[in-house]
Amino acid sequence: MGAILALDGVSKSYGALRVIDGLSLAVEEGETLGILGPNGAGKTTLFNLVSGDVRADAGQIRFGGHEISHEPPHRRCRLGIGRAYQVPQPFGAMTVFENLIVAASFGSQKREKETYDSAVQVLGETGLLSKANRLAGTLTLLDRKRLELARALATGPRLLLLDEIAGGLTEHEAMELVEEIRRIQRTGVTMLWIEHVVHALLAAAGRLLVLDAGRKIAEGAPVAVMGDPLVQRVYMGLAA
Amino acid sequence: MLSFLDTLVQGVLLGGLYALFALGQSLLFGVMRLTNTAHGDFIILSAFVAWSLAVVTGSPWLALIVLLPLAFAGGYLLQRLVLNGTIGKDPMRSLVVTFGLAIVIQNVLQQIYTADPRSIDSGGLNTATFQLAEGFSIGALPLLIFAAALALTVGLQLLFDRTDLGRAFRAVSDDREAAELMGLDHRHVYALATGIAFLVVAFAGTLHGMKTTVSATDGPSLLLYAFEAVIIGGMGSFYGTLVGGMLLGVTQDIGFRIDPGWGIWTGHVVFLGALLLRPSGLFPRTR
């Protein structure tokens with residue numbers, strides 16, 4: 001098992017603010033890595049760097065053996081990086097089904113006809129099949145979050161970036177989501193999951209990474225990381 | 001009664017020409033919110049190129065066939081090399097750049113073709129008519145132009161609604177960043193849109209040049225008709241653009257019959273009325 005994603009000394013600054021500070025990280029193929037950290041720790045910026053929305057100032061990002069630091073987002077998508085945003089960004093004027101067709105035909109480079117079956121399958125798995133012909137802009141928040149995940153899945157990713165997809169869900173909905181994540185795990189897709197709903201994250205993540213001020217402060221098995229005094233102080237605000 | 005019907009039919013046919021002028025603009029606006037102020041000049045440019053090609057090949061139809069791939073390639077490259085750099089939050093950049101292009105095109109055309117008006121030899125088609133009744137006949141060329149406008153409108157709408165490329169156009173129009181994450185290269189998609197818009201421009205220029213005379217500085221007035229048709233019809237809807245063009249044509253024709261000096265003016269009045277009463281147009285797309 002080699003690393004599917006490897007960051008080596010990656011830095012990103014906005015003006016004088018160093019958001020990611022010399023971060024190195026290796027993600028094994030097939031694992032689910034949970035990412036924790038206080039607000040402003042650089043979690044979403046880390047995703048932006050991996051998906052290509054922003055370019056790193058320094059360091060290397062390798063995906064599946066390719067150096068991708070200088071590839072534009074659409075190329076990274078075609079290489080197999082899918083992303084679900086924290087705030088869902090569906091194509092609001094298109095139907096749910098069309099949203100998936102766009103993702104499937106351009107993201108995974110399938111022919112139009114071949115995309116239909118996989119789109120229907122993904123809609124079924126994410127519970128959106130009955131809303132396939134609704135305009136995406138008319139969906140409720142929960143369904144938008146489902147669509148965000150479904151659309152990322154439809155691009156046929158090897159690596160999936162999930163950004164706070166459980167935020168704002170009820171307990172029951174969050175558990176359904178965890179089931180969905182476990183099902184995706186079984187298909188062999190690697191995942192990076194940023195989540196403040198810690199118990200949902202712990203239910204699915206095999207390993208945890210904690211960021212603070214753009215640096216890695218802890219990494220490893222969930223129980224060990226959650227028990228780390230530094231993590232407890234920085235992230236949970238406990239006096240240690 | 002016959003005179004009323006005549007006005008209506010001639011107006012609708014004229015509107016077909018305006019719709020042809022406007023469809024390319026409608027497409028660019030729908031996909032990338034780009035207002036191409038050189039649109040009319042590109043129509044005139046393609047009319048002159050078609051004129052030259054018709055002189056060489058001896059047929060306006062052969063000229064059009066040669067022009068179409070040139071127009072697509074020209075549109076693609078223009079977008080890829082020039083216009084993509086101007087698209088962003090600030091609409092001023094694309095307005096200034098296309099305004100500059102308009103001036104360049106007008107002056108280059110005047111340099112090459114002089115200020116003389118020219119017309120593409122249509123082999124007698126521009127004077128052929130179908131007599132339907134005493135005092136009521138339909139020109140063959142206006143009918144052909146209307147049919148072309150109708151076919152291109154339906155074609156573009158189907159392309160947008162039913163095909164992968166159309167979904168790509170709508171996706172980048174809706175949310176460019178999210179579309180990039182779905183594997184779409186917006187620079188390429190924009191360039192394809194402009195290439196297709198320029199195919200329509202080639203049709204418009206060639207048919208306009210066959211119907212009447214064109215001269216190097218005609219572009220801005222065509223741009224005005226195109227704008228009016230797009231806005232009356234509603235931004236981003238091709239059927240709306242067709243209806244907007246026809247409405248403009250019919251009102252102009254009514255104006256012409258009241259007083260030959262009134263035609264263009266009544267068209268503008270209706271446009272202003274549409275702006276006041278339905279600023280989002282007759283068939284706005286839900287956004």
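The rules we used
Residues numbered from 1 in each chain as written. Chains lettered and ligands numbered in written order. Predicted model: local features only at pLDDT ≥ 70, side-chain atom pairs only at ≥ 80, totals over all residues. Pairing = 2+ DSSP bridges. Helix = DSSP H or I, 4+ residues; strand = E, 2+ residues; numbered from the N terminus. pLDDT = per-residue confidence, 0-100. Domains from an automatic or database assignment. Nonpolar A, V, L, I, M, F, W, Y, C, P; charged D, E, K, R; others polar. Contact = placed C-beta atoms within 7 Å.

Remarks on the pairing of strand β1 (residues 3-14) of chain A
Residues and elements named next belong to chain A. For β1 and strand β2 (residues 17-28), the ladder comprises eight bridges, and the chain directions are antiparallel. Note on β2: the bridge partner recorded for serine 13 is arginine 18. The turn joining β1 and β2, which pair antiparallel and follow one another in sequence, is formed by two residues; a positive phi near 60 degrees is taken by glycine 15.

Quick look at the confidence of the model for chain A
Per-chain confidence: chain A averages 89 in pLDDT, with 98% of residues scoring 70 or above. The least confident element of chain A is helix α9 (residues 229-234) of chain A, whose mean pLDDT is 83; the most confident is strand β8 (residues 190-194) of chain A, at 95.

So, the domain arrangement of chain A
All names here are of chain A. Domain annotation of chain A identifies domain 1 (1-80 + 159-240) and domain 2 (88-156). Measuring from the centre of the C-alpha atoms in domain 1 to the corresponding centre in domain 2 gives 24 Å. Secondary-structure elements contributing two or more residues to the side of domain 1 that touches domain 2 are α2 (73-79) and α6 (171-186). The element best represented in the side of domain 1 that touches domain 2 is α6, accounting for three residues. When its residues are assigned to classes, the side of domain 1 that touches domain 2 shows four nonpolar, one polar and four charged.

Quick notes on the environment of alanine 193 of chain B
Residues and elements named next belong to chain B. Its location among the elements puts alanine 193 in helix α8 (residues 186-211). Along the primary structure alanine 193 and leucine 165 are separated by 28 residues, whereas in three dimensions their C-alpha atoms are 9.2 Å apart. With sequence-adjacent residues up to four places away left out, alanine 193 is seen in contact with Leu27, Leu28, Val31, Met32 and Phe169.

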